[in-house]
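# A structural walkthrough
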Amino acid sequence: FPSHDIEGSSDSANGTLSIANSLDLEYETLQSRHLSYLIRGILSYSISTGVFSYGYTGVGLRYYLWSNSKGYQESESGTVLSEQPHIRFYIGPEIGISQATIKQYTTVIQTNSAFLELGANTGAIYQLAKGFNIEAQLGYYYGLGISSVGVGATIFKGLVGVCLYF
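Figured I'd write up the structure that's included with this text.

What counts and what doesn't
- Residues numbered from 1 in each chain as written.
- Predicted model: local features only at pLDDT ≥ 70, side-chain atom pairs only at ≥ 80, totals over all residues.
- Heavy atoms only, no water.
- Helix = DSSP H or I, 4+ residues; strand = E, 2+ residues; numbered from the N terminus.
- Buried < 20%, exposed > 50% of the residue type's maximum accessible area, 1.4 Å probe, protein only.
- Polar contact = N/O pair within 3.5 Å; in protein donor to acceptor, adjacent residues only side chain to side chain.
- Patch = residues over 30% accessible without salt bridge, like charges linked within 9 Å, V, L, I, M, F, W, Y side chains within 5 Å.
- Areas by Shrake-Rupley, 256 points an atom, 1.4 Å probe, with all protein chains shown as cover.
- Salt bridge = Lys/Arg side-chain N within 4 Å of Asp/Glu carboxyl O.
- Contact = heavy atoms within 4.5 Å.

### Section: the side chain of Ser22
Relative to the helices and strands, Ser22 is located in strand 3 (residues 22-30). Overall, the relative accessible area of 7% leaves Ser22 in the buried class. Among the polar contacts listed, one links the side chain of Ser22 to the side chain of Ser44, at a separation of 2.5 Å.

Next up, the structure:
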């Protein structure tokens, strides 16, 4: 499951917010053998407080390094040649909008801050079976506060999860 660490500061205080339980969904559209576009959504739920503590929606690019983003198949005169990469490495930029719960006062009162997140991530995808993969990803983002509770943030994201290709 994804893990997100948000380190932020304001004029009056510095602090760290750690969010562990997250659902991270991506839709990736492959453009070529080495490039893809993606749309990503993250939703985090804090079991200890019982509230949704982080939400993110963004877009990005992936550049596949040392491998192809997808397999291919060629046939000529009855001979079929196919290639399916078993491990893929990527790096790429990402931009999005997020909201984090900065402080929980009571069960119904909390302070939230919205961010414009700019950053990059890198990762690897290992194919276990056709269309079924394991992915590991690390990301570093800067969160520019864009709400009335403007908090600047440094955001580290880590992910280990399952990928399904249709």
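There is more to say after this.
### Regarding a nonpolar patch on the surface
Together, Trp66, Ile87, Phe89, Tyr126, Leu128, Phe132, Ile134, Val160, Val162 and Leu164 line one region of the surface with nonpolar side chains, adding up to about 1,000 Å² of accessible area. Where the nonpolar patch is concerned, the elements lending two or more residues are strand 8 (87-104), strand 9 (110-129), strand 10 (132-145) and strand 11 (152-164). Top element by residues in the nonpolar patch is strand 11. It accounts for three residues. The topology assignment puts Ile134 in strand 10.

### A look at the side chain of Gln137
As for its placement among the helices and strands, Gln137 is situated in strand 10. Exposure remark for Gln137: the relative accessible area of 4% places this residue in the buried category. Engagement of the side chain of Gln137 in a polar contact is seen with the side chain of Glu135, the distance being 3.3 Å. Residues within four places of Gln137 in sequence aside, it is in contact with Glu26, Arg40, Arg62, Tyr90, Asn121, Thr122, Gly123, Lys157, Gly158 and Leu159.

### Topic: the environment of Val151
Looking at the element boundaries, Val151 is found in the loop between strand 10 and strand 11. For Val151, a relative accessible area of 11% translates into the label buried.

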